Amino acid sequence: MRNIIFAATFAAALTLLYCLSPQPAQADDMLAPFKRSDGKWGFVNSEHCWVIDPQFYTAEPFSEGLAAVKKPDGPCVFIDRSGQMVINPQFAVALPFSE
């Protein structure tokens, strides 16, 4: 039993270290919306590491470099791949778009 606990702890520590270590940016690195167990949405990369922390009530996939998200206490906004708001809050509902 102790071996299983040790192995699980070791695997979790390695995953955490990998996610926290600097990774080279890749143009094709996909960010996917992912819902945490507490119901908040954020975005993970292809290694399932959080890139944008869970803080949203809803989150749509990125389209044209932007994602529509909504915080529990506000309107929908569009964020970029770093999590920064790029279109001011003005929408009750927002969906992915393209030009």
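What you see is a predicted model, and the numbers here were worked out from it, not measured in a lab. (Residues numbered from 1 in each chain as written. Predicted model: local features only at pLDDT ≥ 70, side-chain atom pairs only at ≥ 80, totals over all residues. Heavy atoms only, no water.)

A. Summary view of the sheet that holds strand 3 (residues 50-56). What the 3 strands build is an open sheet, ordered 1-2-3; its pairing is antiparallel. At either end of the open sheet lies a strand with only one pairing partner, and these are strand 1 (32-35) and strand 3. The mean angle between the axes of side-by-side strands here comes to 30°, regardless of whether they run parallel or antiparallel. Where strand 1 and strand 2 (residues 41-44) come together, 4 bridges link them in antiparallel fashion. For Phe34, the partnering residue across the bridge sits in strand 2 and is Gly42. (Pairing = 2+ DSSP bridges. Helix = DSSP H or I, 4+ residues; strand = E, 2+ residues; numbered from the N terminus. Axes fitted to C-alpha atoms, helices over the stretch in contact; angles between N-to-C directions.)

B. Region of the structure containing the pairing of strand 3. Sheet topology note: the strand 2/strand 3 ladder contains 3 bridges and is antiparallel. Along strand 3, the bridge assignment pairs Phe43 with Ile52.

C. Spatial organisation of the environment of Leu31. With respect to the element layout, Leu31 can be found in the loop between helix 1 (2-20) and strand 1. Taking the C-alpha atoms as reference points, Leu31 and Ile52, 21 residues apart in sequence, are found 8.9 Å from one another. Not counting the four nearest positions on each side in its chain, Leu31 is found in contact with Phe43, Val44, Asn45, Val51, Phe62 and Arg81. (Contact = heavy atoms within 4.5 Å.)

D. Structural context of unusual backbone geometry. A positive phi angle is found at His48, which is not glycine, with a value near 65°. Even without a glycine there, the phi angle at Glu64 is positive, about 60°. Looking at the element boundaries, Glu64 is found in the loop between strand 4 (58-59) and strand 5 (67-70). Here Glu64 falls in the exposed class, since its relative accessible area comes to 51%. (Buried < 20%, exposed > 50% of the residue type's maximum accessible area, 1.4 Å probe, protein only.)

E. Structural context of the packing of aromatic side chains. Summed over the entire model, instances satisfying the criterion amount to 2 aromatic pairs. Arg81 extends its terminal NZ or CZ atom over the ring of Phe62, reaching a point 5.4 Å from the ring centre. (Phe/Tyr/Trp six-rings, centres within 6.5 Å; stacked < 30°, edge-to-face > 60°. Lys NZ or Arg CZ within 6 Å of the ring centre and 35° of its normal.)

F. Spotlight on the nonpolar core. Among the nonpolar cores identified, the biggest contains 10 residues, and these are Leu31, Phe43, Ile52, Phe56, Ala59, Phe62, Ala67, Val69, Val77 and Ile79. Those elements that provide at least two residues to this core are strand 3, strand 5 and strand 6 (76-79). Beyond its immediate stretch of four places on either side in the chain, Phe56 contacts Gly39, Lys40, Trp41, Phe43, Val69, Lys70, Lys71 and Ile79. (Core = buried A, V, L, I, M, F, W, Y, C linked by side-chain atoms within 4.5 Å.)

Honestly, it's all geometry; don't read function into it.
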